Amino acid sequence: MHYINVNYLNIKPIPLSFLLVDCDPKSERLQVLSRTTGQLIRHSKVLNNNFKAILPLKYSQESSLMCVMLDDNSEFNAAILDNVQLMLINLIDFDPNNPQPYEPIP
């Protein structure tokens, strides 16, 4: 297998937002909602007690999201994270298994 070193390519950074939620072991699904509109941004299953998502840049510039952890059999109450602000990342260099914040070039 051949790998391309992106440092030799003249690729500009692509800033986006990354959401990583360390979920309760009882949670099976996570919903990401806009606090201002109530719009559902993302709804997905939780894998290995973690929820990861790459979202548009605007979500790392403001704390305008809510995350709701749910279980499928309704045995437990939902848990809510409020005023969530996502991590700014560079999509070119980003590794979701080892997330590091992106620092823009001055």
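Residues numbered from 1 in each chain as written. Predicted model: local features only at pLDDT ≥ 70, side-chain atom pairs only at ≥ 80, totals over all residues. Heavy atoms only, no water.

### A word on the confidence of the model for the protein chain
On average, residues of the protein chain score 85 in pLDDT, and 85% of them reach the 70 mark or higher. Within the protein chain, strand β2 (residues 29–34) carries the highest mean pLDDT (96), whereas strand β7 (residues 87–90) carries the lowest (88). (pLDDT = per-residue confidence, 0-100. Helix = DSSP H or I, 4+ residues; strand = E, 2+ residues; numbered from the N terminus.)

### With respect to the sheet that holds strand β4 (residues 50–55)
On the basis of which strands lie adjacent, the open sheet formed by three strands has the order β4-β1-β7 and antiparallel pairing. Taken across any chain shown, the strands that pair with only one partner, and hence form the sheet edges, are β4 and β7. Going across the sheet, the axis of each strand differs from the next one's by a mean of 35°, ignoring polarity. Relative to β4, strand β1 (residues 15–22) runs antiparallel, the two being bridged by six bridges. In the sheet register, D22 faces β4, and the bridge partner there is N50. (Pairing = 2+ DSSP bridges. Axes fitted to C-alpha atoms, helices over the stretch in contact; angles between N-to-C directions.)

### Overview of the pairing of β1
On a regular strand, one side chain projects to one face of the sheet and the next to the other, so that they alternate. As paired strands, β1 and β7 are joined by four bridges and run antiparallel to one another. When the sheet's bridge partners are listed, F18 is paired in β7 with M87.

### Examining the pattern of salt bridges
Per the counting criterion, the structure on display carries three salt bridges. Of the charged contacts, one joins R29 and D72 as a salt bridge, the two residues approaching to 2.4 Å between their closest N and O atoms. On the criterion of sequence distance, the pair formed by R29 in strand β2 and D72 in the loop between β5 (65–70) and β6 (79–84) is long-range, its members being 43 residues apart. On the basis of relative accessibility, which here comes to 39%, the residue D72 falls in the partly exposed class. Overlapping salt bridges, with partners in common, bring together R29, K45 and D72 in one network. (Salt bridge = Lys/Arg side-chain N within 4 Å of Asp/Glu carboxyl O. Buried < 20%, exposed > 50% of the residue type's maximum accessible area, 1.4 Å probe, protein only.)

### Description of the state of the cysteines
Scanning the model with the defined rule gives zero disulfides in all. With no disulfide of its own, C23 has C67 as its nearest cysteine by sulfur position, at a separation of 8.1 Å. Residue class for C23 comes out buried when judged on its relative accessible area of 5%. When its relative accessible area of 1% is taken as the criterion, C67 is described as buried. (Disulfide = S-S within 2.5 Å.)

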